[in-house]
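Observations on chain architecture
Chain by chain, the residues run as shown.
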Amino acid sequence: MEVILKATGLRKTFALSKKQQRLEKSDKKIKVAVDGLSFEAYKGEIFGLLGPNGAGKTTTLRMLSTLIKADEGDAIVNGHSINTEPDKVRQSIGFLTSELKLEEFFTPNYLFDFFATLHGISSTECAARKKTLFERFGIDKFAEVKVANLSTGMKQKLSIAVSIAHDPEIIIFDEPTNGLDVITSKVVTDFLIDLKREGKTVILSTHIFSLAEKLCDRVGIIINGKMITCDTLQNICADTDLETRFFEIYEKEMGGQV
Amino acid sequence: MKSNILTIMKKELARFFGDKRLVLTTLVIPGLMIYLIYSLMGSGMMSAFAPSEDQIYNVLVTSPSEEFVAAADQLKLEITEADIGDIDSIKQKLRNGEIDLYVVFPEDFDQSIASIRVGEAPDEPLELEMYYSSTEVNSSAAADIVFSYLDGLEESLSNLFNINSGSAQYDVATDEDATGMLFSMLIPMLLIMFLFSGCMAVAPESIAGEKERGTIAALLVTPLKRGDLAIGKILALSIIALLSGASSFVGTLLSLPKLMGGDMVELAGIDAGVYGVTEYLTLLVVMLTTVLVIVAIISIISAYSNSVKEATTYITPLMIVVMLVGLTSMFGNGAPTNPVLYLIPIYNSVQCMNGVFSFSGSLINTVITSVANIAYTAILVVVLKKMFDSEKIMFSK
C-alpha cells in the first residue's frame, strides 16, 4: 500500500498562562499537547484519530494542515514536508475544522469561486467542480443566499465543499459531524465513503466510536498526546467492539481511572 | 500584480461595497455630517456675532445733538431723549437688552461744534459718554455705528492727516497668500484626521474582525502566501480609507464658506481656485502614501488584537498622537526645509500638505516623504506577513 502521509515524532507544546494554569489545576508553565506522535496513512483509506477531549487529536490535525508548526518531528504529506514546504502541503490537502468559519456576508457561489481561485483552479474547472459538489450537497438551491441565512447543516456542507474545491488528494476533517443533525451527519459520512471510493485519503478525528467503526479502515488511539495504538479496526478490536476496546486501553493507560 | 493579491483585494472591496450600511456609514455619512455640522456651526456663529441687516437700534440720549438726531434714521437708530437719571438702572437696562445704547452729549454740544467750524476751538475737548454692553450683539453694533458717526464728525472738523485714503491696494498680500495661510493651518490637520478615521473605520474590522470570527483561519489553510494576504488587504483597505477621507474632505471644503461666513471668505481673498493641477497631484500622491502607512500600522495592531473592540482600544491612543502631529501645521511659517524631518512618518505627510497649501513645499521633500512612506509600508507588510505566519498571534485566545 502506498504511504501518502507519514508523521514522525510530532511534538507540540503550548505555554500556559496563569489563567490556563488555574483552569488546568496545574503549576506547569508548559502543556505537552502532542508528544512524539508517529503514524502513517495509506492512499485511498480512511484513517481515524480516536481519543478523548484534550488528547491532542485537533493539534495533530492542525500541524498536518500547517496551520500551526510542530516543535519537533515532521510529516511528509503527499511528498511534501510540513516544515519546509507548507505551501505545497496546503495545495495537497483539504482541511476542515470547527474553528474555520466562512464569511457570513458572502454567498456560497462567491465563496466557492474565491477559495478555488486561491487554490489556482481555472474558472472552467471551478464551474464544473462547483456544479458537482453543490448538487451533491443540495447547496445549488441556496447558491445565492448569504451564508448568514443558511442553516447550520447547510453551512457545514458548504464548508466541506469549499475545503475540497481544489479536489485534493488528502482530506483532513476534524470532528466532521459535530453538532450536526442525523440527516446532515449521514450526508457527510456518505460523502466521506464516496471520497474513499474515488481513491482519496481521508484523515479524520472523532470521539464517536460508531462513526469510526462505520468509516475507518485504520484508527490511531491517542491519549495524553501519545499514540497508544495504531492499526486496522479488526486488529485493534479483535473479538470485541471499538468502544469496549478503547476503554480497556484507556484504563490501562490511565491506571484504572475513567 | 499577482493574482492572489488581486483576489484578496477584490474580496475586500466586494465585502465593503456589497454592504450598503457600511458604504453609508463610511463613505456617505462622514462627509454629509461634516458638511451639516460645520454649516450649522457657521450659521450659529454668524447669528451670534452679527445682528440682522434691518435691525433698528434703541438708543437713549441725554442732551441730544440736533445733527445726530437728524442722522438717526440713516443710522437706523430710534432715539429716545432722557434726562441723566439713575445711571445704574440704565446700565441694568443695557445688560438686559431693553435698550441698545446710552449716549450723553455735553449740553452745549451743537453750539461748540458750530464754534469749531468757524475756527474757535474750545479750551478743552468736548466730553461724550457712550454706555453699551459688549456681550449684547445689538448693543455692540449700535456702539460701533454711533462711534463711527462721531469719529467721522470729528474728522470733518479737524482733519490733520489721512491714512490709506487712496484707491491703491495697500495690503500687498495676494489671494494665494491669504488662502495659503488659512488652508495650510487648517487642512493638513483635518486631512490627516480624516484619513486616520477612514483607516480606523475599515482596518480593524477586516483583520481583527476576521480573526475574531475565525474566517482568517480558512484563508491560512489555502496555498495563499501570507505576504500576498498582507499586501492585498492593505491595498484594498487603503482604497476604502482614501475614499472615506475624500468624503470628509469634500464635506469640509463645501462647508468652509458657511463655517467662516461667505462675506468673510470673500473679503479675506480666500479662494481654493488658487491651487493648480500640480498642487492637487502632489496632495494626491502624499495622501495615497500616507494612507498606506496608516492602514499598515492599524492592520498590525488589528492582527495583534483578538477582537475589533480590543483593536479599537489599542488604536485610540495612536489617534491622539496623530492628531497632535496634525497640529504641527499650525505652527511655524510654512513647511520646514530640512529634508531629514521628512523621514518621520505622519509628520512628513502633515508638513508636505502644509507645503502644498502654503506654496512653501519643495519637490525633493515631497519625493522623500513619498519614498519614505512606501518604504515604511513595505517594512510593515513584512511585519504583518510574519504576524499572519505566527500561530501565537493568529490563534491566541
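Please read these numbers as outputs of a predicted model, since none were measured by experiment. (Residues numbered from 1 in each chain as written. Chains lettered and ligands numbered in written order. Predicted model: local features only at pLDDT ≥ 70, side-chain atom pairs only at ≥ 80, totals over all residues. Heavy atoms only, no water.)

Digging into the layout of surface pockets
Cut-off, in case you're wondering: A pocket, in this scheme, is an open set of points on a 1 Å grid over the protein atoms alone with protein on both sides within 12 Å along at least 5 of 7 lines, while a cavity is a set where a 1.4 Å probe fits but cannot get out; residues line either one if an atom lies within 4 Å of a point. Grid points are joined across faces, edges and corners, and a volume is the space filled by probe spheres set on the points. Secondary structure elements are defined from DSSP: runs of H or I of at least 4 residues count as helices, runs of E of at least 2 residues count as strands, and each element is numbered from the N terminus. Gly is placed with the polar residues, together with every amino acid not listed as nonpolar (Ala, Val, Leu, Ile, Met, Phe, Trp, Tyr, Cys and Pro) or charged (Asp, Glu, Lys and Arg).
Within this model, the largest pocket holds a volume of roughly 1,200 Å³. Lining the largest pocket are 39 residues; nearest its centre among them are A:Phe14, A:Gln20, A:Thr59, A:Arg62 and B:Phe395. Mapped onto the lining of the largest pocket, the elements with two or more residues apiece are strand E1 (3–15), helix H1 (18–24), strand E2 (30–42) and helix H2 (57–64) of chain A together with helix H7 (175–213), helix H8 (215–220) and helix H15 (391–394) of chain B. The residue inventory of the lining of the largest pocket, partitioned by class, reads 11 nonpolar, 12 polar and 16 charged. Of the voids in this model, the second largest pocket is the one considered here, and its volume is about 560 Å³. Lining the second largest pocket are 18 residues, with B:Phe109, B:Leu126, B:Leu128, B:Leu150 and B:Glu154 positioned closest to its centre.

So, helix H13 (residues 347–358) of chain B
All names here are of chain B. Heads up, the condition is: A helix is expected to span 1.5 Å multiplied by its residue count minus one. Classification of residues uses two cut-offs on accessible area relative to the type maximum, computed with a 1.4 Å probe and protein chains only: under 20% is buried, over 50% is exposed, and between them is partly exposed.
Taking 1.5 Å as the rise per residue, H13 with 12 residues should run 16 Å; its terminal C-alpha atoms sit 16 Å apart, in good agreement. Summarising burial for H13: 12 of the 12 residues are buried, a large majority. Where H13 is concerned, the buried positions are Tyr347, Asn348, Ser349, Val350, Gln351, Cys352, Met353, Asn354, Gly355, Val356, Phe357 and Ser358. In the stretch just after H13, Phe359 is the one whose phi turns positive, near 60°.

Digging into the nonpolar core
The following threshold applies: What we call a nonpolar core is a set of buried Ala, Val, Leu, Ile, Met, Phe, Trp, Tyr and Cys residues that are connected through their side-chain atoms within 4.5 Å. By definition, residues are in contact when any of their heavy atoms lie within 4.5 Å.
Judged by nonpolar contacts, the single largest core of 147 residues is most densely connected at A:Leu10, A:Phe115, A:Leu158, B:Leu219 and B:Met353. Sorting elements by how many residues they give to this core places H7(B) first, with 13 residues. Excluding anything up to four places from it in sequence, A:Phe115 contacts A:Leu102, A:Val162, B:Ala218, B:Leu219 and B:Thr222. Counting residues in hydrophobic clusters, the runner-up holds 20 residues, among them B:Tyr57, B:Val59, B:Phe109 and B:Tyr149.

Focus: the pairing of strand E2 (residues 77–81) of chain B
Residue and element names in this part refer to chain B. Filter applied, for reference: Criterion used throughout: strands pair if DSSP finds at least two bridges between them. Here is how to tell: hold the view so the strands point away, follow the path from the first strand over the helix to the second, and if it runs clockwise the crossover is right-handed.
Alignment of strand E1 (residues 57–62) against E2, held across five bridges, turns out to be parallel. Paired with Val61 across the strands is Glu81, a residue of E2. For the crossover from E1 across helix H3 (residues 66–71) to E2, the handedness is right-handed.

Quick word on the packing of helix H5 (residues 123–137) of chain A against helix H6 (residues 152–163) of chain A
All names here are of chain A. Stated formally: Interaxial angle, 0 to 180 degrees, is taken between N-to-C directions of lines fitted to C-alpha atoms, where a helix line uses only the stretch in contact. Orientation is classified from the angle alone, with under 35 degrees giving roughly parallel, over 145 giving roughly antiparallel, 65 to 115 giving roughly perpendicular, and any other angle giving oblique. Helix crossings get a hand from a simple test, with the near helix turned counterclockwise from the far one by less than a right angle marking a left-handed crossing and a clockwise turn marking a right-handed one.
The geometry of H5 relative to H6 is characterised by a closest axis approach of 10 Å and an angle of 150° between their N-to-C directions. With respect to H6, the axis of H5 lies roughly antiparallel. As for the relative orientation of H5 and H6, their crossing is right-handed in sense. Each of Leu133, Phe134 and Phe137 in H5 lies in contact with H6, whose residues at this interface are Met154, Lys157, Leu158, Ile160 and Ala161. Looking at the contact of H5 with H6, its residues break down into seven nonpolar, no polar and one charged.

Regarding the interface of chain A and chain B
Let me state the cut-off plainly: Here's the idea: put two parts together, see how much 1.4 Å probe accessible area each one loses, and the total over both is what we call buried area. Salt bridges, as used here, are contacts in which a Lys or Arg side-chain nitrogen is within 4 Å of a carboxyl oxygen on Asp or Glu. Any pair of N or O atoms that falls within 3.5 Å is considered a polar contact. Within protein, one atom must be able to donate a hydrogen and the other to accept it, and sequence-neighbouring residues count only if both atoms are side-chain atoms.
At the junction of the two partners, chain A supplies 25 residues and chain B supplies 26 residues. Taken together, the two surfaces of chain A and chain B that pack against each other cover about 2,300 Å², and 62% of this comes from carbon and sulfur. Interface area lost by chain A to chain B is led by A:Arg90, A:Glu103 and A:Leu118, which between them contribute 26%. Seen at the junction of chain A and chain B, the total is four salt bridges. For A:Glu103, the salt bridge identified is with B:Arg15, shortest N-O distance 3.7 Å. Counting the contacts that link chain A with chain B gives seven residue pairs in polar contact (both at pLDDT 80 or more). Residue assignment for the side of chain A that touches chain B shows that the elements contributing at least two residues are E1, helix H3 (86–92) and helix H4 (108–118) of chain A. For the side of chain A that touches chain B, the element with the highest residue contribution is H4(A), accounting for five residues.

What about the packing of helix H1 (residues 3–17) of chain B against H7(B)?
Residue and element names in this part refer to chain B. Look at H1 against H7: their axes get within 12 Å of each other, and the N-to-C directions meet at 115°. Between H1 and H7, the interaxial angle falls into the category roughly perpendicular. Pair H1 / H7 crosses with right-handed handedness. Every residue of H7 that contacts H1 at Lys11, Glu12, Arg15 and Phe16 is listed here: Val202, Glu205, Ser206 and Glu210. Among the residues forming the contact of H1 with H7, the class breakdown is two nonpolar, one polar and five charged.

Let's talk about the sheet that holds strand E3 (residues 46–50) of chain A
Through backbone hydrogen bonds, the strands of a sheet pair up, either in parallel or in antiparallel fashion. Residues and elements named next belong to chain A. Strand order in this open sheet of six strands is E6-E7-E8-E3-E9-E10, and the pairing throughout is mixed. Edge positions in the open sheet fall to strand E6 (93–96) and strand E10 (226–232), since each of these has one partner strand only. Neighbour-to-neighbour, the strand axes of the sheet open up by a mean angle of 15°, direction not taken into account. Across the sheet, H2 lies against E3, E6, strand E7 (170–174), strand E8 (201–206) and strand E9 (218–223), angled at about 150° from E7, the strand it touches most. Sitting on the sheet, helix H10 (residues 242–254) touches E3, E9 and E10, and the angle it makes with E9 is about 30°.

Quick word on the pattern of salt bridges
Residue and element names in this part refer to chain A. The tally for this structure, following the rule as stated, stands at 31 salt bridges over all chains. For Glu40, the salt bridge is made with Lys6, and the minimal N-O distance between the two is 2.9 Å. In this pair, Glu40 sits in strand E2 while Lys6 sits in strand E1, placing the two residues 34 residues apart along the sequence.

Here's the deal with H7(B)
All names here are of chain B. Quick note on the threshold: To obtain the bend at a residue, axes are fitted to the seven residues ending there and to the seven starting there, and the angle between these axes is taken.
The terminal C-alpha atoms of H7 lie 54 Å apart, and with 39 residues this matches the ideal 57 Å at 1.5 Å per residue to within 8%. At Phe183, H7 shows its largest bend, some 40°. H7 sits mainly inside the fold: 28 of its 39 residues count as buried.

A look at the pairing of strand E3 (residues 101–104) of chain B
Residue and element names in this part refer to chain B. Neither face of E3 is exposed, since Leu101 and Val103 on one face and Tyr102 and Val104 on the opposite face are all buried. Alignment of E1 against E3, held across four bridges, turns out to be parallel. Bridged to Thr62 within E3 is Val104. Bridging between E3 and strand E4 (residues 129–131) involves three bridges; their strand directions are antiparallel. Along E4, the bridge assignment pairs Val103 with Met130.

So, the packing of aromatic side chains
Residues and elements named next belong to chain A. As a reminder of what qualifies: Classification of ring pairs uses Phe, Tyr and Trp, with its six-membered ring standing for Trp, and accepts pairs whose centres are within 6.5 Å; under 30 degrees between planes counts as stacked, over 60 as edge-to-face, and the remaining range as tilted.
With the rule as written, the count across this model stands at 18 aromatic pairs over all chains. Seen in terms of ring centroids, Phe105 and Phe106 are 5.4 Å apart; in terms of plane orientation they differ by 80°. Their pairing is edge-to-face. For Phe105, a relative accessible area of 16% puts it in the buried group. Its relative accessible area of 4% is what places Phe106 among the buried residues. Aromatic side chains Phe114 and Phe115 sit 5.1 Å apart centroid to centroid with 75° between the ring planes, which places their arrangement in the edge-to-face category.

Structural notes on the confidence of the model for chain B
For residues with low pLDDT, the predicted coordinates do not support detailed interpretation. Residues and elements named next belong to chain B. Rules: Residue-level confidence of the predictor is summarised by pLDDT, bounded by 0 at the bottom and 100 at the top.
In this model, chain B carries an average pLDDT of 87, and 94% of its residues clear a pLDDT of 70 or more. Here helix H10 (residues 262–267) is the element of chain B with the lowest mean pLDDT, 58, and helix H14 (residues 363–389) is the one with the highest, 95. Here the prediction assigns the complex a pTM of 0.80, and the interface score ipTM is 0.87.

What to know about empty space enclosed by the protein
Per the stated rule, a full pass over the model turns up three cavities of 30 Å³ or more. The calculated volume of the largest cavity comes to roughly 160 Å³. What lines the largest cavity is a set of 16 residues, among which A:Phe95, A:Leu100, A:Ser163, B:Ala218 and B:Val221 lie closest to the centre. Where the lining of the largest cavity is concerned, the elements lending two or more residues are E6 and H6 of chain A. In the lining of the largest cavity, the residues fall into nine nonpolar, six polar and one charged. Size it by volume and the second largest cavity reaches roughly 70 Å³. Forming the walls of the second largest cavity are A:Lys101, A:Leu102, A:Glu103, A:Leu111, A:Phe114, A:Phe115, B:Lys11, B:Glu210, B:Thr215, B:Ala218 and B:Leu219. If you list the elements that add at least two residues to the lining of the second largest cavity, you get H4 of chain A together with H8 of chain B. Here the lining of the second largest cavity is built from residues that sort into six nonpolar, one polar and four charged.

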